[in-house]
Amino acid sequence: MARPRQLIQTRMIILATWFIVFIGTGSSAPDVPPLPPPSAPVMPPPPPPAPLGASTLCIPREQDALLAFKAGLTDPTNYLSSWRGEQDYCRWTGVECNNRTGYVVKLEINSNSAMYSPFTSGPLGGNISSSLLTLRHLKHLDLSWNNFGGKPIPEFIGGLGSLTHLDLSNSYFGGRIPSHLGNLSNLISLDLSNQVESCHSLDLSWMSNLRKLQYLDMSKVDLSAAVDWTHAVNMLPSLVALELNFCGLQNNMAPPLRSNLTSLESIHLSFNSFNSSFGANYLGPIPAAVGNLTSIQTLILGGNDFSGVVPSTFKKLKKLRLLRLSDNFISGRIEDLLLHILPSNELQELYLDGNNLTGSIPAQLHQFSNLSTLGLSNNKISGEVPIGIRELTSLKDLRLYSNDLHGTITEDHFMNLTSLQALLISDISLTIVVDNAWKTPFKLTTAFLGSCILGPKFPAWISQPTIEVLDISDTGIHDSIPPEF
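A brief structural summary. (Residues numbered from 1 in each chain as written. Predicted model: local features only at pLDDT ≥ 70, side-chain atom pairs only at ≥ 80, totals over all residues. Heavy atoms only, no water.)

So, on to the overall build of the protein. Of regular secondary structure, the protein possesses 4 helices and 23 strands. For the protein, the proportion of its 485 residues judged to be buried stands at 45%. When contacts within the protein are restricted to residue pairs at least 6 apart in sequence, long-range pairs at least 24 apart make up 62% of them. As displayed, the protein has an accessible area near 23600 Å², and 55% of this comes from carbon and sulfur atoms. (Helix = DSSP H or I, 4+ residues; strand = E, 2+ residues; numbered from the N terminus. Buried < 20%, exposed > 50% of the residue type's maximum accessible area, 1.4 Å probe, protein only. Contact = heavy atoms within 4.5 Å. Areas by Shrake-Rupley, 256 points an atom, 1.4 Å probe, with all protein chains shown as cover.)

Time to look at the pairing of strand S21 (residues 429–433). Residues in a regular strand point their side chains to alternate faces of the sheet. The two faces of S21 differ: Leu430 and Ile432 on one face are buried, but Ser429, Thr431 and Val433 on the other face are not. With 5 bridges joining them, strand S19 (residues 404–410) and S21 adopt parallel strand pairing. Note on S21: the bridge partner recorded for His406 is Ser429. (Pairing = 2+ DSSP bridges.)

Before going further, it helps to examine the packing of aromatic side chains. What the rule picks out here adds up to 9 aromatic pairs. Summarising the aromatic geometry, the rings of Tyr89 and Trp92 are spaced 6.2 Å apart at their centres and angled 65° between planes, so their arrangement reads as edge-to-face. Taking 5.9 Å as the distance between ring centres and 40° as the angle between the ring planes, the aromatic pair formed by Phe414 and Trp438 counts as tilted. Residue Phe414 is found in the loop between S19 and strand S20 (422–424), and its partner Trp438 is found in the loop between S21 and strand S22 (446–448); the two are separated by 24 residues along the sequence. (Phe/Tyr/Trp six-rings, centres within 6.5 Å; stacked < 30°, edge-to-face > 60°.)

A side chain with one charge can pair with a side chain of the opposite charge if their charged atoms come near. All chains considered together, the criterion is met by 6 salt bridges. The salt bridge involving Arg176 is made with Asp203; its shortest N-O contact spans 3.9 Å. Taken together, the residues Arg176 in the loop between strand S6 (165–167) and strand S7 (189–191) and Asp203 in the loop between S7 and strand S8 (215–217) connect sequence positions 27 residues apart. Since its relative accessible area comes to 25%, Asp203 is described here as partly exposed. Here Asp397 makes a salt bridge to Arg399, at a shortest N to O gap of 2.9 Å. (Salt bridge = Lys/Arg side-chain N within 4 Å of Asp/Glu carboxyl O.)

Below, the discussion takes up helix H4 (residues 334–341). All of the buried residues along H4 are Ile334, Glu335, Leu337, Leu338 and Ile341. In the core, the buried residues of H4 are packed alongside strand S15 (349–351).

We now examine unusual backbone geometry. Following Gly455, the chain continues to Pro456 via a peptide bond in cis, the omega torsion being 10°. Its place among the elements puts Pro456 in the loop between S22 and strand S23 (469–471). In the Ramachandran plot, Asp427 falls in the positive-phi region, its phi being about 60° despite a non-glycine side chain. Here Asp427 lies in the loop between S20 and S21. Asp427 gets classed as partly exposed once you look at its relative accessible area, which sits at 47%.

The subject of this paragraph is helix H2 (residues 60–71). The terminal C-alpha atoms of H2, which comprises 12 residues, lie 16 Å apart, in line with the 16 Å expected from a rise of 1.5 Å per residue. Those residues of H2 lying buried are Glu62, Gln63, Ala65, Leu66 and Phe69. On an axial view of H2, the arc spanned by its buried residues comes to 160°, and they lie on one face. Relative to its buried face, H2 has exposed residues pointing more than 90 degrees away, namely Pro60 and Ala71. Summarising the contacts, the buried residues of H2 are in contact with strand S1 (73–74), strand S2 (95–97) and strand S3 (104–108). (Expected span 1.5 Å × (residues − 1). Arc of directions from axis to C-beta.)

In this section: the environment of Leu320. Looking at the element boundaries, Leu320 is found in the loop between strand S12 (307–308) and strand S13 (322–324). Considering only alpha carbons, one finds Leu320 and Glu265, 55 residues apart in sequence, at a separation of 8.7 Å. Those residues in contact with Leu320 that sit more than four places away from it in its chain are Ile296, Gln297, Thr298, Leu299, Pro343, Glu346 and Leu347.

In this section: the nonpolar core. If you look at the biggest cluster of nonpolar residues, it comprises 119 residues, and the most contacted ones within it are Leu107, Leu166, Met218, Leu299, Phe314 and Ile425. Those elements that place two or more of their residues in this core are H2, S2, S3, helix H3 (229–233), H4, S19 and S21. Among the elements that line this core, the one with the most residues is H4, at 4 residues. Dropping the residues within four chain positions of it, Leu299 is found in contact with Ile267, Val290, Phe314, Leu317, Leu320, Leu322, Leu323 and Arg324. (Core = buried A, V, L, I, M, F, W, Y, C linked by side-chain atoms within 4.5 Å.)

It is worth spelling out the state of the cysteines at this point. Within the structure shown, the criterion is met by 1 disulfide. Disulfide pairing is shown between Cys90 and Cys97; the S-S distance is 2.1 Å. Here the disulfide of Cys90 and Cys97 is left-handed, its torsion about the S-S bond being about -100°. Of the two residues, Cys90 and Cys97, both sit in the buried class. In this model Cys199 remains outside any disulfide bridge; the closest cysteine sulfur is found in Cys247, 9.9 Å from its own. With a relative accessible area of 1%, Cys199 lands in the buried category. (Disulfide = S-S within 2.5 Å.)

In terms of strand pairing, S2 meets S3 through 3 bridges, oriented antiparallel. Residue pairing across strands places Cys97 opposite Val104, the latter belonging to S3. Counting the residues in the hairpin turn of S2 and S3 gives 6 residues, including Gly102, whose phi is positive at 85°. Bridge analysis of S3 against strand S5 (residues 140–142) gives 3 bridges, and the strand direction is parallel. Across the sheet, Glu108 pairs through a bridge with Asp142, a residue of S5.

Here we come to the environment of Ser326. By the secondary structure assignment, Ser326 is in the loop between S13 and strand S14 (329–330). For Ser326 and Asn378, which are 52 residues apart along the polypeptide, the C-alpha to C-alpha distance reads 9.5 Å. Once you skip the residues sitting within four places of it in the chain, Ser326 turns out to touch Gly302, Gly303, Tyr351, Leu352, Asp353 and Asn355.

Have a look at this one:
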């Protein structure tokens, strides 16, 4: 009879141990791992960390608001399949909660993924429910890359007063942008770019309250009637980046006398043409006031039909790293522009392609040693390519095609260009003379050499395995293609 008593005592010890573990862990008991066999030491596990948005923090009214939001949407791909009432909403796709309070702080419902190209609409559409107003702690709302069928942006979004980030880009909104968005005084980032053609704003005065705004993108929104755009933007003292490409911007109002944009680092204003109210191209110079934006690092003004010379005030843009003035009607001598107008301190990318620049490339270019891209194609630049081009020791991309250049290029021109990847010198009267055994200091991926004189023998130096795009048409080569090519 002793053996049964020993078994009973052993079972009681195990039960007692389990009871202690259960009491010690409280409501976390379901997460406790199985008890090890009796031969192993019995140790209560440490309490697990609380998961983000734990179910005990779920707030019923916020869950109801999210479900009402989902109910208004069309979702043919079941993008929101995880949005079910019996599950913790903080674990739903695109929902992020405050770990301490359980409030929804971020709603990221977009389809910008590999399965959708930039030119196709996303899976979600329908109507955006005003139930989102219940989410009073929502700071980040991203509904980009969806398809709302040309409907206007809902006015009630202007009531989400806690928002710091609003992204409605690429979502097929139309109609007039509601001025109610000006009530979002805590906004840091606002992206309304790339909507349907009817999306427009008659003025931008509603932005005057967005004093904290740092990033603004309204590219492809029709702003042709917003003649106050320069003054409205000047009311955004915290602005760091401005993108207003393809907006039909006008230029019939004088810019502000004093700039408040002391933090502005990036301007993208391409392809606006700045048509006048009479419908004719403005064809005026780049405003000299641009040179007063001394904090600018990126300045993109391509395709705006600017004419005349680049203002001398550009010399003050000491922090400028990228300058794109391509596809305008800018005139002047290239040597004056490079040596006396453009800042060379930090400049890394310079695009002057497609203008009316004349003159010759200056012999001394050492001050542009940080330059990685030099685009001078499609101008009227003449003379020879100076050997000083080798002073551009950081150069990766050189574009000189479609100019009036002539003369000879030798190995000396390329001596220090160890980073060169793209050489585009086609449609100009150049002769390239190098030793047949020349080992290039660079590895090209793109080479446009059409109309240059390379022959009559096939130049061994272009047999580079890294080359992906090659044009050697009309280059005077009368030779067989080597087998290693």
